Amino acid sequence: AIVQSYKHMGTLYAPVTPGPEIKARAVGLHADVRRNFRHILKSDASNAMKSTFVKSHMLSRGLYNSATWPPLGKALERTIHRAVLKPFRAILDVGRPVKSRSSDTEVMETLHLPTPSTMIRQLRLLLFSRILVKASQSLRSVLALAAAAKGSWASALEADFVYIVAYAVGTKYESWSSDQW
């Protein structure tokens, strides 16, 4: 029988889509919130300290290996967005009435967070910088050729550079094109 997916060192591998992996990560983040985070929420620690805990413990596990994900469709992007923001929202919503929860924008602005898709983008760009430093010329050439393939990791990286160019306005890099990045 052919294996449809398997888990290796905490990452769920499926042959066609990152969907099962992303859903498993979202479930894992939700479980971490229920299991570990409620004790921290009840503590007297500042919101900044609680946010640091989420970033260092929960997101390091929840976003592990996300730098290798190809471009995500809207539904998967929404899934990971909700899962990543849930513990941060819980920090701000402690003591609030159940029906009045913080908006995504309020959570990100108050806790000085990038969007979850930007977190993944940063991880992907960090991985790419390591590839540039450590990989052979042939691997870099293969990645350059793969950028044209829609849905490839390289095409996601190419979109990341376009994103950077759009947000470089007002910086010393605003005149750079995505090719220069």
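Cut-offs used in this document
- Residues numbered from 1 in each chain as written.
- Predicted model: local features only at pLDDT ≥ 70, side-chain atom pairs only at ≥ 80, totals over all residues.
- Heavy atoms only, no water.
- Phe/Tyr/Trp six-rings, centres within 6.5 Å; stacked < 30°, edge-to-face > 60°.
- Helix = DSSP H or I, 4+ residues; strand = E, 2+ residues; numbered from the N terminus.
- Salt bridge = Lys/Arg side-chain N within 4 Å of Asp/Glu carboxyl O.
- Buried < 20%, exposed > 50% of the residue type's maximum accessible area, 1.4 Å probe, protein only.
- Expected span 1.5 Å × (residues − 1).
- Contact = heavy atoms within 4.5 Å.
- Core = buried A, V, L, I, M, F, W, Y, C linked by side-chain atoms within 4.5 Å.
- Patch = residues over 30% accessible without salt bridge, like charges linked within 9 Å, V, L, I, M, F, W, Y side chains within 5 Å.
- Areas by Shrake-Rupley, 256 points an atom, 1.4 Å probe, with all protein chains shown as cover.
- Lys, Arg positive; Asp, Glu negative; His and termini not counted.
- Charge placed at Lys NZ, Arg CZ, Asp CG, Glu CD.

Structural notes on the packing of aromatic side chains
Scanning the model with the defined rule gives three aromatic pairs in all. Seen in terms of ring centroids, F37 and F53 are 6.2 Å apart; in terms of plane orientation they differ by 5°. Their pairing is stacked. Here the residue F37 occupies a position in helix α1 (residues 19-41), and F53 occupies one in helix α2 (residues 47-62), the gap between them amounting to 16 residues. Residues F128 and F161 carry aromatic rings whose centres are separated by 5.7 Å and whose planes lie at 75° to one another, so their mutual orientation is edge-to-face. Residue F128 is located in helix α5 (residues 116-134), and its partner F161 is located in helix α7 (residues 153-167); the two are separated by 33 residues in the primary sequence.

Let's talk about the pattern of salt bridges
This model, assessed by the stated rule, comprises six salt bridges. Measuring nitrogen to oxygen at the nearest pair gives 3.2 Å for the salt bridge that ties R121 to D160. Here R121, found in helix α5, pairs with D160, found in helix α7; they are 39 residues apart in sequence, far enough to count as distant. Comparing R121 with D160, the two get one shared label, buried. A salt bridge links R124 to D160; its shortest N-O distance comes to 2.5 Å. One end of the pair, R124, is in helix α5; the other, D160, is in helix α7, and 36 residues separate them in sequence. By the burial criterion, R124 is buried, and D160 matches it. What emerges from the salt-bridge pattern is a single network uniting D32, R35 and R61.

Points about α7
In this model α7 runs 21 Å from its N-terminal to its C-terminal C-alpha over 15 residues, within 8% of the 21 Å that 1.5 Å per residue would give. Looking only at α7, the buried set comprises W153, A154, S155, A156, L157, D160, F161 and I164. Turning to α7, the residues buried within the fold contact α5 and α6 (137-146).

Digging into the nonpolar core
Ranked by size, the top nonpolar core spans 28 residues in total, and within it F37, L59, I80, V84 and F88 carry the most contacts. Where this core is concerned, the elements lending two or more residues are α1, α2, α3 (74-93), α4 (104-110) and α5. Here I80 is in contact with I22, R25, L63, W69, L72, P116 and I120, once residues within four sequence places are set aside. Ranked by size, the runner-up nonpolar core spans nine residues in total, among them A135, W153, L157 and I164.

Some details on a positive patch on the surface
A surface patch of like charges, here positive, comprises K74, R78, R82 and R101. Examined against the element boundaries, R82 turns out to sit in helix α3. On the basis of relative accessible area, R82 is assigned to the exposed category, the value being 52%.

Here we look at unusual backbone geometry
Even without being glycine, N65 reaches a positive phi, approximately 70°. By secondary structure assignment, the location of N65 is in the loop between α2 and α3. Taking the relative accessible area as the measure of exposure, N65 reaches 25% and is therefore partly exposed. Located in the positive-phi region is H112, a residue other than glycine, with phi close to 55°. The topology assignment puts H112 in the loop between α4 and α5. For H112, a relative accessible area of 69% gives the class exposed.

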